[in-house]
Amino acid sequence: MITKLQITEGEETATITLQSSPDFVRFSGSEEIKSDIEFESKFAYNSVGHIINLGNIHAQDLYIFMIDLYGKENVEVLEGEQQIKDDDEELAILEKNGVT
């Protein structure tokens, strides 16, 4: 299931797409936003405590990372709300069973 997020920062806009979850991030739009995300990802952690890897990221981790960077008011889910929720349910099962 495709997950597509739109990020807005001032006059800049970028669209981030995952074809499935997990998958690699595809960018379109603002090169400045793309560069910021690529740089910041080197210092961010996913939901199981690993450094974020834009080459293999779950929809929920990408969404949370974007909210942390740009604020909820600047991140719009264009497609894939259900995938973000499904990832959340999968993570809850992993946490419950103590497996990461």
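Above this text sits the structure in question.
All residue numbers refer to position in the chain's written sequence, counted from 1. Given that the model is predicted, a residue must reach a pLDDT of at least 70 before its local features are reported, and side-chain atom pairs must reach 80 or more before they are shown or counted; all residues, however, enter totals for whole chains, interfaces and linings. To obtain the side-chain values, all non-hydrogen atoms of the structure were used and water was disregarded.

**Concerning the overall build of the protein**
Inclusion rule: Put simply, DSSP marks the helices as runs of H or I at least four residues long and the strands as runs of E at least two long, and each gets a number from the N terminus on. Whether a residue is buried, partly exposed or exposed follows from its accessible area with a 1.4 Å probe, protein chains only, as a fraction of its type maximum: under 20%, in between, or over 50%, in that order. Contacts were defined at the residue level, with two residues in contact if any of their heavy atoms lie within 4.5 Å.
Each helix and strand in the protein was counted, giving three helices and four strands. Secondary structure elements in the protein, listed N-terminal to C-terminal, are β-β-β-α-α-β-α. Going through the 100 residues of the protein one by one, you find that 33% of them count as buried. Of the contacts formed within the protein by residues at least 6 apart in sequence, a portion of 52% connects residues at least 24 apart.

**With respect to the packing of helix α1 (residues 31-40) against helix α2 (residues 59-70)**
Cut-off, in case you're wondering: Fitted lines through C-alpha atoms serve as axes, helices being fitted only where they are in contact, and the angles separating the N-to-C directions of these axes extend from 0 to 180 degrees. By definition in this entry, angles of less than 35 degrees are roughly parallel, angles greater than 145 are roughly antiparallel, angles of 65 to 115 are roughly perpendicular, and the rest are oblique.
With their axes 12 Å apart at the nearest point, α1 and α2 run at an angle of 110 degrees to one another. If you check the angle between α1 and α2, you find them roughly perpendicular. Contacts between α1 and α2 pair I33, D36, I37 and E40 from the former with F65, M66, L69 and Y70 from the latter.

**Focus: the pairing of strand β1 (residues 3-9)**
Convention followed: By the convention used here, strands pair only if DSSP detects at least 2 bridges between them.
Where β1 and strand β2 (residues 12-18) come together, seven bridges link them in antiparallel fashion. In the sheet register, T8 faces β2, and the bridge partner there is T13. Between β1 and β2, which pair antiparallel in sequence order, lie two residues; one of them, G10, sits at a positive phi of approximately 60 degrees. Relative to strand β4 (residues 75-79), β1 runs antiparallel, the two being bridged by four bridges. Paired with Q6 across the bridge in β4 is E76.

**What to know about unusual backbone geometry**
That bond from S21 to P22 is cis: its omega, 5 degrees, falls within 30 degrees of zero. Positionally, P22 belongs in the loop between β2 and β3 (26-29).

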